[in-house]
Every structure is written in C-alpha cells, then in structure tokens.
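In case you want the letters, here they are:
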Amino acid sequence: MAVFPWHSRGRNYKAEFASCRLEAVPLEFGDYHPLKPITVTESKTKKVSRKGSTSSTSSSSSSSMVDPLSSVLDGTDPLSMFAATADPAAPDSSRKRRDRDENSIVGSDFEPWASKRGEILARYTTTEKLSINLFMGSEKGKATATSAMSEKVRTRLEELDDFEEGSQKELLNLTQQDYVNRIEELNQSLKDAWASDQKVKALKIVIQCSKLLSDTSVIQFYPSKFVLITDILDTFGKLVYERIFSMCVDNRSVLPDHFSPENVNDTAKETCLNWFFKIASIRELIPRFYVEASILKCNKFLSKTGISECLPRLTCMIRGIGDPLVSVYARAYLCRVGMEVAPHLKESLNKNFFDFLLTFKQIHGDTVQNQLVVQGVELPSYLPLYSPAMDWIFQCISYHAPEALLTEMMERCKKLGNNALLLNSVMSAFRAEFIATRSMDFIGMIKECDESGFPKHLLFRSLGLNLALADPPEGDRLQILNEAWKVITKLKNPQDYVNCAEVWVEYTCKHFTKREVNTVLADVIKHMTPDRAFEDSYPQLQSIIKKVIAHFHDFSVLFSVEKFLPFLDMFQKESVRVDVCKCIMEVFIKHQQEPTKDPVILNALLHVCKTMHDSVNALTLEDEKRMLAYLINGFIKMSVNRLAMETRKVMKGNHSRKTAAFVRACVAYCFITIPSLVGIFTRLNLYLHSGQVALANQCLSQADAFFKAAISLIPEVPKTINIDGKMRPSESFLLEFLCNFFSTLLIVPDHPEHGVLFLVRELLNVIQDYTWEDNSDDKIRIYTCVLHLLSAMSQETYLYHIDKVDSNDSLYGGDTKFLAENNKLCETVMAQILEHLKTLAKDEALKRQSSLGLSFFNSILAHGDLRNNRLNQLSVNLWHLAQRHGCADTRTMVKTLEYIKKRSKHPDMGHLTELALRLPLQTRT
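This report concerns the structure included in the present document. What you see is a predicted model, and the numbers here were worked out from it, not measured in a lab. (Residues numbered from 1 in each chain as written. Predicted model: local features only at pLDDT ≥ 70, side-chain atom pairs only at ≥ 80, totals over all residues. Heavy atoms only, no water.)

**Here we look at the side chain of arginine 477**
Tracing the backbone through its elements, the reader meets arginine 477 in helix α23 (residues 477-488). The buried charged residue arginine 477 lacks any salt bridge partner; its closest oppositely charged side chain belongs to aspartate 471, at an N-O distance of 4.3 Å. Those residues in contact with arginine 477 that lie beyond four places of it in its chain are Asp471, Pro472, Tyr507, His511 and Phe512. (Helix = DSSP H or I, 4+ residues; strand = E, 2+ residues; numbered from the N terminus. Buried < 20%, exposed > 50% of the residue type's maximum accessible area, 1.4 Å probe, protein only. Lys, Arg positive; Asp, Glu negative; His and termini not counted. Salt bridge = Lys/Arg side-chain N within 4 Å of Asp/Glu carboxyl O. Contact = heavy atoms within 4.5 Å.)

What follows is the structure, given as structure tokens:
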C-alpha cells in the first residue's frame, strides 16, 4: 500500500460539547416524571370464551406509591406472568398446585438436618471401645427358586429369620474411627447389594444397622451413632422409593413429580406392598420402626392417606421403647422423615412431642440412674446427650408455629418444674422475636431451674443467642444484662465463662455504650488471664473482638475503650494475633471514610500493620501476601502521593518555598520506593500516578523521570500474569495502561533538551520492539490510540490542561515545524497500521481485517481532515476493504453512513456529502 499523508481535523471542543448536550425541555407540573407513581390502565375489549375462565370488558387503574418496575408488572415478575397465562383448565393443574403448596411448606428458613450432622459428630465423641455386629451370610434357608409366590415369600422370610437368629459376627474393641469406618463399609455394602439386585441382603444390612440403635453401652457416643446409622436408613429409603418410582414408567408416559395413587400401576403397588410386608415381619421393635419410617414416603404409591395414617401408628410404636434416650432419638427420626414427606401434617408431629413430654420424667428414674452408675457417667454429662434430638423435635413443631404455641410450651415447662433441658430446647427452637419479648419471663424460669443436671449458664447462653437476633423491650434491656452477667461472672471454669461471655458481648454492644462494653471486656480479661486460660479459648476471644469492632465503626470511640488494647494483648499466639489484626484492618478500611489524624489511632493501627508485615516469611503463601499487602496499603491512605496532593490543595496550587521542597521530597520518596514492589502493573500504574502528581505540583523534571521509568519498564511485562491465583494473558492490561498513559502525555510539555515529542517517540519505539502475541491485533489498537493522541496534540488549544503547567499548545503556539513533526509521526503510525491490515488478507483473518479496517476508517473520520484528497481516498479504500469479503458488521456500517450524512449538513462539513456518495453498502450474497 502507498504511504498516505496525515492531516488532522481542526477541533472546536467547546462547540462540540455544546452540540452533544441533551436538549433542555421545560417540564410542566403534572407532566411525566420517572419518580412519579405509575398509573397502569388495563383494557379488555375482546371477549374470550374458554373453559374454566371468565372474561369481560373492563378497565382498572392503580396509583399507589410502588416501585415503577413492579408497577408495570402489577407486582409480579415476568416469569410469574408467563406462568399465569397457562390454561387453568389444563388437566390436574389445580391438584398440582395444591400438592406443590402442601409440599413447599418447608422453605429455606428451615435449617436442614444435613447442617447439624457435622456438629453432632464433632461434639459427641468417645475414647472407649465400641462393638458392632456384621452380617456374615449363611447357606441356611436358601431354597431353590420356585414359581409359587407363597414359596418365594416364605423363602425370603426364612432368610430374615436366619439373619435374626445369629448369622452375624460381633467385632469388639473398636476405636471410634474403626467404628465409623465399619459403618461406612456397611453403607457401601448396602449400595453394592442393591446394585447387584440382592434386595433381601440390602434389607438385612439395614435391619442389622437399626439394631445398633438399641445399644447404649457407650452412651456418650449415642448421638453420633444415631447420625451414622440414620445415614444408612436414608440411603435405603431413597433406593426403595426410586426403585418403585421407576417401575411406574412405561413407554407411554412418565409419572409426574406430584402424582396420585391412581397414576401408579399395579406392578409398582404390589412391589411397594411387598416391602411393607417384609418390614412388618421384623420381630424386634426398634429395627421394625426405623426401617418402616425410612420408607414412609413410599405410602404415596398406595394411598392418598397412607402417610397420615402411618405417622400416628409409628408414634404409638415409640411408646414401646423403654430407654428414654433411645426413645427421644426415635422421635427425632420420625420428625425428620415427617418434615421431608408430609410437613403439613403438623398434628402428628405435635402428638409425637406431647408423647415425649408424658415420658420425660423417666430421665430421672431409677433405671436410667443405675445405667449411669454402671457406665460412670454423671448427670451433667448425660443430659446434654438429649439436646440434638430435642432441639430437632422442637425445631420441627415450632416451624411457622403461632406465638400461642410458645406460651403453651412455657406452661408445660413450668408444670414439669422448669426442667432446664426442656427449657433450653424451647429457647433454641422458637423464633428469636418470640423469645426476646418474653426475656424477663424466661429469666424468671431460669432462676427456678434445678441446676444439678443442666447448668444455668447454658440457659443464659441460649437466651443470649436469641437476643443477638432480636431486641427485647427497651425498658427491660439493662435488667436483662444485669441478671445474666450476675450469673456469668460467678463462673469458675474459664471455658464455661468465655462461652457465655462471647454471646452476651454482642448484646452489650448492640444496646449499650462504650462504658458497658469496657466493663465486659475488663471482666473477660479478669477471668481469662489467670493461668493463661486465654490460650485455650482463642476462637471465643476472636469472636468477641469481631463482635466489638462490628458494632464500633468509629475507631476514635473504639480505641478510647480503655480495655480494648489490653484485650488484644491476650492474643499471644502469632497466627491468631495476625488473624485478629486482619479483622481490625478490614473493618477500618471498610468503614473509616475520612483520613484520621488521631495519634492514638494511627499508632495503634501502625502497630497492627507492623504485626501483619512481620508475620510474612519465606513460607507465606502468595495469596496471604496479597491479602496482607492489600490491608496494609489500605491503611496507608495518607500515602506520600496523597500528602503531596493535600499540600497542593491547602496551598491552592501556589506552593511556597517550604511546601515546594516538601512536595519534591514526597515525589522523590515515591520514585525510590516503587522499584521495590513486586507486581509489574502495580509499578507501572504507580509510576503513571506519581508522574501525574508531580506534574500537578509543577515538578516537571520529576514527572519526566516517572514517565521515562514507566516506558523503560514496559519491555519487562511478561506474557502472562497471576490474577487471583490464575495465570492470565497480560496484553489486555497493557493496552489499558497505555491508553491511560496516552491521555496523560497530551498535557506533558516537551523537555527542552530532548527534542519534539520525545516521550511519544520513546514509547513508540518500545511498542514496536515489544513481542506481541501471535494472531493479536492489540499492537494496532495501540497505534490507533497513538494516532488519536497526535491528532489532539496538533490542535491550537488542547482539550484539558493542568493548572500552572504550560503544555505543548502554549509552548509551540501552532508552530509549523512542530506540526510537521507531528504529521510525520502520524504517517509512520499509519504505515504500521496499513501494513498490518495487509498481512490479514488470509481466509482465517479476513474477519479481523474487516473489523480493524472499519475501526481505522472511524478514526480517520473522527480525527482526520477529509478535505485532503489522499486521506479522503484512503478512507474510501478502508470502507471497501471492510466489505470486501462479506465479513463486515453491516449494522455498524449502516449507522456510520447515517452519521456521515447527518454531519454533512453542518457548516464546514459539506465535503462529507461527496464522501457519503462514494461509500456504498454491499449486500451479502
């Protein structure tokens, strides 16, 4: 391609700004305004006759104050509107809606069992030896196959009898981990047996596991055992249900999710009945109850009322379980499956609970007491074993329950002598708002509790957890704190004390001043310092700090709390101390809006930053280093660059001898500090930012030094950089940096000793020598940006300036030699762009050629003087190039041509009329 000369278009920026402004239209009162309430008028003029629907000619309007977007949709989202247009007379639509409503009672606000199991397994452990019975199998009773159904059933019953009569092996002296491994093996064996169509073997495994729930020989481990065994039961229940559900599928139809027994074929029903008959033949109560409960959902295949009939019967079966601990966990499992398959049958769940209350006194009976003596377990260690089951039962019956139910529960607790265990479960289950409004009533009940089995401080902890979520009556708040702290401060065991204090600190922070918070922190220090008790309670102490700083965002108030800094001194383990420092700095960066000059805050936070900095060593991970660097840099808001700009602001741009020296010192500090930073783009951006600061403070030679340093650093940019732990290509980041750099170079005056446009030339040389990615057009995009910069530099008056800095428009005053040098650079850049376009004349690169050609055309249109014939001809050539191979963006080209025609009507733009005639739009063939 031939070399084309460049002629920049003269720009009148003020006139362009004026022409681009939106037209101001006077708005009369009462006219449309976007914040006014929207009036929606719906008119129906056509009657539609349709079964199950009514229609009429009507109009309605609404002018209530609502959100404009929701008003347009009449309060519904688009998807709901589409759903509402479905034919209401469609088969089974009403029944499906009813079933969906019934089964969607349990929402996301109901905490699922899965979220509790991990905590139970971690809390209820043992070092005692455990035993387990493993099914070994036997040849006894394995009759040959027969076609008679009665013979087949008899064979399977004999196999179950064989299992119950002793075809099993007892493993003794197992550690807790061995026991868990064996249970996991049984779970896998169940899945393998099922997969290999050994259904009877699978049932035997489930029966064997259920029997383990009658064993309380290692009673401290029972809650964890319950979790492990019921996992197997859940697996079994799911396998049976899915098996029967799959039998309802034939070539014609698929059983819907919300089906009725009428949709179930006879084969599936018979199989389902067979499972219930097999389970009914189990002799022992506990395995029979658990296995039937695990497949409770399968009743849906047989009868609409099957589940509602089974729940009361299973509830009555639990009455036959003599051990109260085993009994309460059986009730918890029934609540679990009940809430999963029939959450609307709350009456059965309530009956289950009231049955439990009637037998609650068994806990203090002779049988239980003798069992505890044999196992050497104290009552305070035994009663908490009930908590997981009772908390779950209470959660189920209290879910979306009215406040009246809490009143009833409180009355029943009083009748049972304010049993602490029961009272604790009530406070753990019901809504925090209900508990908070009755705080003083609960405190009165707690005072009257017998403390021998369940300590009162645990009750105060449960009450405090509710008060962290909901506010009690304002007049009761101080009395509540006094009553609670009166009990907490008397605790001798540091662990018991800090567990309660951790909860009540949040209540204190929410409702009281720094005076009360200081008193609480002082009390915590008093209890946790002797014998270095704080070393065993770092998690709770960290929680206390997080709660305090979460409520005291004003650090001048926070550090005026006398005991806050002494409290921090208790964190003497380095890793914990660093975590605490990170929490403090995160809150400071997030909430401290204005720079602070308070020496106490600055000194304390500087110490916090030093602690984080000194924790870094050779083994510190890169992610951790980045996090610490972010926090430390966030604190140093009053950095040297900020100090320099603040000084400029104070002096209103007119530096004195002293402030000028101070600013130069700040700039020099930045220049020698930036090379020590690790991230290359951090250095590049800081060089650019610091150069801008130097320029704003009339430090011209220093600004030149920063810009030269940035240019010399560009060749070191690697092909990929680490972003959030992932390696990403760096070219897009380099392109963004260079575009920002060009914007700054517009106002940088030339150095008198280095010639015209020295920095631009240096930058172009670096860009030319940089090794760009193959198949990348970023280099040409950068050259296009350089062309824009040079066009802006050729104007008589630049688009923007820095106060008290003479840019090249003032220095050269439109000198012809300067303009000639500028145009030469433009021609060099254009030659590079055109040469690159020529290399893209290949099949796989034609689309890129079209896109770049149109982009270059738009650049010439915006910045070039198209009255020049050669430049005008180049633009026409680029227009044709963009369309040559059918790869053009037709929509963009149409809009571009419309813009040219519109611009041609403006004064001094008549030459664009002829250009528009030379720009045809080709259709794709």
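**Focus: the environment of valine 240**
With respect to the helices and strands, the residue valine 240 is situated in helix α9 (residues 222-247). What makes valine 240 buried here is its relative accessible area of 0%. Sequence-wise, valine 240 and threonine 271 are 31 residues apart; in three dimensions their C-alpha atoms are separated by 9.8 Å.

**As for helix α41 (residues 846-863)**
Think of an α-helix as 3.6 residues a turn; residues three or four steps apart then line up on the same face. Taking 1.5 Å of rise per residue, the 18 residues of α41 would be expected to cover 26 Å, and the 26 Å separating its terminal C-alpha atoms lies within 8% of that figure. Listed in full, the buried residues belonging to α41 are Leu846, Gln849, Ser850, Leu852, Gly853, Leu854, Phe856, Phe857, Ser859, Ile860, Leu861 and His863. Tucked inside the fold, the buried residues of α41 contact α38 (778-793), α40 (816-839), α42 (869-883), α43 (890-903) and α44 (911-917). (Expected span 1.5 Å × (residues − 1).)

**So, the nonpolar core**
Counting residues in each nonpolar core, the largest one holds 186 residues, and the members touching the most others are Tyr382, Trp504 and Leu541. Ranked by the residues each element gives to this core, the list is headed by α9, at 13 residues. The contact partners of tryptophan 504, leaving out residues within four places of it in the chain, are Phe460, Arg461, Leu463, Gly464, Leu467, Ile480, Leu481, Ala484, Trp485 and Ile488. In terms of nonpolar packing, the next biggest core, distinct from the first, is built from 92 residues, Trp879, Ile900, Leu915 and Ala916 among them. (Core = buried A, V, L, I, M, F, W, Y, C linked by side-chain atoms within 4.5 Å.)

**Details of the packing of helix α24 (residues 494-511) against helix α26 (residues 538-551)**
Helix packing geometry: the angle between the two helix axes and the distance between the axes. Contact geometry for α24 and α26: axes closest at 9 Å, N-to-C directions at 5°. Classified by the angle their axes make, α24 and α26 are roughly parallel. Note on element contacts: α26 touches α24 through Gln540, Leu541, Ser543, Ile544, Lys547, Val548 and His551, opposite Gln495, Val498, Asn499, Glu502, Val503, Val505, Glu506, Cys509 and Lys510. Looking at the contact of α24 with α26, its residues break down into seven nonpolar, five polar and four charged. (Axes fitted to C-alpha atoms, helices over the stretch in contact; angles between N-to-C directions. Parallel < 35°, antiparallel > 145°, perpendicular 65-115°, else oblique. Nonpolar A, V, L, I, M, F, W, Y, C, P; charged D, E, K, R; others polar.)

**What about the pattern of salt bridges?**
One pass over the full model with this rule turns up 27 salt bridges. Glutamate 821 is the salt-bridge partner of arginine 761, the closest N and O atoms lying 2.6 Å from each other. Residue arginine 761 is found in helix α37 (residues 758-769), and its partner glutamate 821 is found in helix α40; the two are separated by 60 residues along the sequence. Measuring nitrogen to oxygen at the nearest pair gives 3.2 Å for the salt bridge that ties arginine 781 to aspartate 778. Of the two residues, arginine 781 and aspartate 778 both sit in helix α38, three residues apart, roughly one turn of that helix. Through salt bridges with shared partners, one network takes in Lys447, Glu483 and Lys486.

**Considering the environment of glutamate 433**
Turning to its location among the elements, glutamate 433 is positioned in helix α20 (residues 432-437). With a relative accessible area of 39%, glutamate 433 lands in the partly exposed category. It is 8.3 Å that separates the C-alpha atoms of glutamate 433 and leucine 467, two residues lying 34 residues apart in sequence.

**Some thoughts on the packing of aromatic side chains**
Across all of its chains, the model carries 33 aromatic pairs by this definition. Ring geometry for tyrosine 241 against phenylalanine 301: centres 5.0 Å apart, planes inclined by 40°, an arrangement best described as tilted. Linking tyrosine 241 in helix α9 with phenylalanine 301 in the loop between α11 (285-294) and α12 (306-318), this pair joins segments that are 60 residues apart in sequence. Of the two residues, tyrosine 241 and phenylalanine 301, neither departs from the other in class, the shared state being buried. Seen in terms of ring centroids, tyrosine 507 and phenylalanine 512 are 6.0 Å apart; in terms of plane orientation they differ by 65°. Their pairing is edge-to-face. Assigned by exposure class, tyrosine 507 and phenylalanine 512 land together as buried. Ring-pair connections join several aromatic residues into one group, and the members of that group are Phe110, Trp113, Tyr222, Phe226, Tyr329, Trp392 and Tyr399. The positively charged end of lysine 278 is found above the aromatic ring belonging to tryptophan 275, 4.3 Å away from the centroid. The ring of tyrosine 241 has lysine 297 sitting right over it, with the charged end atom 4.4 Å from the ring centre. (Phe/Tyr/Trp six-rings, centres within 6.5 Å; stacked < 30°, edge-to-face > 60°. Lys NZ or Arg CZ within 6 Å of the ring centre and 35° of its normal.)

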